[in-house]
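# Architecture and fold: a report
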Amino acid sequence: MKQWLTKLIILLCVAGSLLLGGCSGWQSGRASSGSAAVAPLAELCVYGEHALLWLADDGTVGQDGWLRHFMLHYQAPTGQEGAAAAANEPASQEIICGDHVNQGLCLYQLAAGSYTFATADMLISADEDFIPLEGYTLPRDGLRKHWLFSVQQGLLTLTIEETSNLPTGYYDIFIDVGHGGDDTGAVANNYIEAEENLRSARYMAELLTQRGFKVTLSRNDMSIPGGSGAEDNPYLAGARVDSAYTSGASYLISNHLNAGDGQESGFQIYTSVLADNSWAEAVAEQFIALHWYANDSNSGLVGDGLYKRWARDNYHTGRDYYFILRETGGYALAPYRYKVYNDEMKAQLRRGAEGILLEYLFLDNRIDMAYWQLHYRELVEAAVNGCCAYWQAGE
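To start, this report covers the structure provided alongside it.

What counts, and at which threshold
- Residues numbered from 1 in each chain as written.
- Predicted model: local features only at pLDDT ≥ 70, side-chain atom pairs only at ≥ 80, totals over all residues.
- Heavy atoms only, no water.
- Patch = residues over 30% accessible without salt bridge, like charges linked within 9 Å, V, L, I, M, F, W, Y side chains within 5 Å.
- Areas by Shrake-Rupley, 256 points an atom, 1.4 Å probe, with all protein chains shown as cover.
- Salt bridge = Lys/Arg side-chain N within 4 Å of Asp/Glu carboxyl O.
- Helix = DSSP H or I, 4+ residues; strand = E, 2+ residues; numbered from the N terminus.
- Core = buried A, V, L, I, M, F, W, Y, C linked by side-chain atoms within 4.5 Å.
- Buried < 20%, exposed > 50% of the residue type's maximum accessible area, 1.4 Å probe, protein only.
- Contact = heavy atoms within 4.5 Å.
- Phe/Tyr/Trp six-rings, centres within 6.5 Å; stacked < 30°, edge-to-face > 60°.
- Lys NZ or Arg CZ within 6 Å of the ring centre and 35° of its normal.

### Description of a nonpolar patch on the surface
- A surface patch of nonpolar side chains, about 410 Å² in accessible area, is lined by Leu236, Tyr336, Val340 and Tyr341.
- With respect to the helices and strands, the residue Val340 is situated in helix H8 (residues 336-341).

### Some thoughts on the nonpolar core
- Among the nonpolar cores identified, the biggest contains 49 residues, and Met204, Leu208, Ile253, Ile269, Tyr360 and Trp391 are the most heavily contacted of them.
- Elements represented by at least two residues in this core include exactly strand S12 (173-177), helix H3 (193-210), strand S15 (215-217), strand S16 (251-258), helix H6 (278-289), strand S21 (354-362) and helix H9 (366-391).
- Considering every element that reaches this core, the biggest residue donor is H9, with 13 residues.
- Apart from the residues lying within four places of it in its own chain, the contact partners of Leu208 are Ile173, Ile175, Phe213, Val215, Ile253, Val384 and Trp391.
- If you look at the next biggest cluster of nonpolar residues, it comprises 29 residues, including Ile95, Leu105, Met122 and Ile124.

### Observations concerning the packing of aromatic side chains
- For the coordinates displayed, the defined rule picks out 23 aromatic pairs.
- Look at Tyr251 and Trp391: their rings are 5.1 Å apart centre to centre, the planes differ by 35°, and that puts the pair in the tilted class. Linking Tyr251 in strand S16 with Trp391 in helix H9, this pair joins segments that are 140 residues apart in sequence. Trp391 shares its class with Tyr251; the two are buried.
- An aromatic cluster of three or more residues is present, and its members are Tyr203, Phe267, Phe287, Tyr360, Trp372 and Tyr376.
- Across the ring face of Tyr376, the terminal group of Arg199 is positioned such that the distance to the ring centre comes to 4.4 Å.
- Sitting over the ring of Tyr321, Arg309 keeps its end group 4.0 Å from the ring centre.

Take it as geometry only, folks, not as evidence of what the structure does.
And the structure:
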């Protein structure tokens, strides 16, 4: 059935007709918003490597919210490479997204070329004052995808180009080093969490760099970039959250050790309440393969050692408790506090890093810390293996 529909779409495009927002004459110019019914775009954001689209409800579209189902219409790039791409990429394809923010349109799976969008037999349009949004995917097989959302002839358009290098100032992965400066984190048995977090983060950066990723850390020593003000307020320009945005990273990994009553033991992994469990499950699988075990004692447990922790004042309404996950994920996760302090960054907030917070073990447990001293490298290696498996990159 799908093959028959694809052939019909191609025939109708050639004949100059419109079907599901398709357009005629790809090479001579795509259909404009004035030649067919349009559905106005309300908002667009990118979480990690997945794009999410919201439509305005103006009484004609019938959809108010994040689109789970739409059509992509493809135009290959010009030249020999474009001809090869056109032969392998369908002129139109149906996109069905999941219910979580990390299950939107997968940007790294798209072929080089340009795309327009349609839903309910209408092309998706965007205002002329739409500010272009761009970024880069992780490298896979030596190549990244440079993606750019813009407006062409009144239509929302996505352009994909392949590239081997990131521009200066862009990074693939932002490694958050928990605590630092006057904030020591947990302290017990002559161990300081901020120091141990730095040790694990440095090794993690080394491993990820070896796998071809461009990596940056939230701090490189025990001080906090941005000075004393940034220690008190991580939302200021140049502070921890702001650095995650300006890095352009697709993913954020926050490194921590836990603390309890001295008796708790094992790992805990946190991901956004609006994301699924896939990333956390991939890392947990690697920890368990090391015979390191999960801790299930905290609130928000969703799986063995896996957690979703909602904000205390907004339980189960889609806001994360941990600011490093909530405030760095862009509009997909409603970064309220960062927006308050950085109103001029509103356009940049349309993209954010998909994040994970790792509590490797309990610093105030003597047995856990004895294991950490002997095996912290293996635990960090396991975390990296799980991350790469989830990303389908760097393996």
